[in-house]
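Spelled out from the first residue to the last, the chains are:
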Amino acid sequence: MADPKMSDDGLYYWDGQRWVSTLSPDGRWRWSGSAWVPMTGMVAAPYGYSNYPQPANVRVPTPWTKPMQYAVAAWYAISGLYALSLPFWMSSIMGQVFNQAVQRQTQLNPDVSPPPPDFVNSMTTMMSAFLWVGALIGFAIAAVAIIGALQRWTWIFYVILVLLGFGAISLPFSLASAFGGSSALNAYSLPSSVTWVSTLFEIPGAALFVWMLVAVIRYGPWAMSRKVEWPAQGAQAPAS
């Protein structure tokens, strides 16, 4: 193909219908008609060049993107179901812990009369209500996280990263509590089986946090790498 007809200043070429700019937005590259050629020196952008479309910074998927989306969605699907299950089996456990605490206080202070049964029942009902509120909030957060993961929302990526980061930070303390078991210092704590279930549930979350942290450092949110797309040549040259 014949070389395009260039203007005297080298800033435009004739494509057969119109004059097209040959310079990139930063003035460091020149379009030869078939490829971008680096300029030997800094060239100022021509007058009115700001009217041309600027190169777009877009993100494209990598081999990590789809697996990460599905892993986050699956993790929060399990988390949402786990949150909804808590009121069904935690209410009785919390009631037992509260009753044990009342009995222990009565044994330590025989002169103090135990609280009336109505008070104990009211506290048990209140704890159950708190569990249901927390379960609904947890399920709502999980639903938003699933939608955001499948839609690859950037802001939800960082929210999930922070939430999983808190879980990863608390994992060593949960492991210490699980291995510590019952003692006089944690006489009012939950049963060891509950502690172990909660601790084992945090391990995949910590692994997911590490993966997402490496991905955002290496590629970007949702392991999407950045790609610069130049606008297609063919814009009308500015009128002189």
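Residues numbered from 1 in each chain as written. Predicted model: local features only at pLDDT ≥ 70, side-chain atom pairs only at ≥ 80, totals over all residues. Heavy atoms only, no water.

Some thoughts on the overall build of the protein chain
Where we set the bar: The way it works is that DSSP assigns letters per residue, a run of H or I at least four long becomes a helix, a run of E at least two long becomes a strand, and they are numbered from the N terminus. Relative accessibility under 20% of the residue-type maximum defines a buried residue, over 50% an exposed one, and the middle range a partly exposed one, all with a 1.4 Å probe and only protein chains included. Here, residues are in contact when the closest pair of their heavy atoms is within 4.5 Å. Here the Shrake-Rupley method, with its probe set to 1.4 Å, supplies the accessible areas, and only the displayed protein chains count as covering residues.
A tally of regular secondary structure across the protein chain gives four helices and seven strands. Secondary structure elements of the protein chain, listed N to C terminal, follow the sequence β-β-β-β-β-β-α-α-α-α-β. Taken across its 240 residues, the protein chain has 29% of its residues classed as buried. When contacts within the protein chain are restricted to residue pairs at least 6 apart in sequence, those whose partners lie at least 24 apart make up 71%. Split by element, the accessible area of the protein chain, about 15000 Å² in all, is 66% carbon and sulfur.

Side note on the layout of surface pockets
Note the cut-off: Any residue with an atom within 4 Å of a point lines the site, the site being either a cavity, points on a 1 Å grid over the protein atoms alone where a 1.4 Å probe fits but cannot get out, or a pocket, an open set with protein on both sides within 12 Å along at least 5 of 7 lines. Grid points are joined across faces, edges and corners, and a volume is the space filled by probe spheres set on the points. Each residue is assigned to one class: nonpolar for Ala, Val, Leu, Ile, Met, Phe, Trp, Tyr, Cys and Pro, charged for Asp, Glu, Lys and Arg, and polar for all the others, Gly among them.
In this structure, the largest pocket spans a volume of roughly 610 Å³. In terms of lining, the largest pocket is formed by 23 residues, of which the most central are Trp75, Tyr76, Ser79, Tyr82 and Phe201. Among the elements of the structure, helix 1 (65–108), helix 2 (117–151), helix 3 (154–180) and helix 4 (192–218) are those that each provide at least two residues to the lining of the largest pocket. Broken down by element, the residue count for the lining of the largest pocket peaks at seven residues, all from helix 2. Its residues assigned to classes, the lining of the largest pocket shows 15 nonpolar, seven polar and one charged.

Things to note about the confidence of the model for the protein chain
The test is simple: As a per-residue measure, pLDDT tells how confident the predictor is, with possible values from 0 to 100.
For the protein chain, mean pLDDT is 75; residues scoring 70 or higher make up 61% of the total. Strand 7 (residues 225–229) is the least confidently modelled element of the protein chain, averaging 67 in pLDDT, while helix 3 averages 86, the highest of any element. Note on residues 42–52: pLDDT is under 50 here. Beyond four places in sequence and across chains, it has 25 contacts. In this model, residues 182–188 is a region of pLDDT below 50 whose contacts with residues beyond four sequence positions or in other chains number six contacts.

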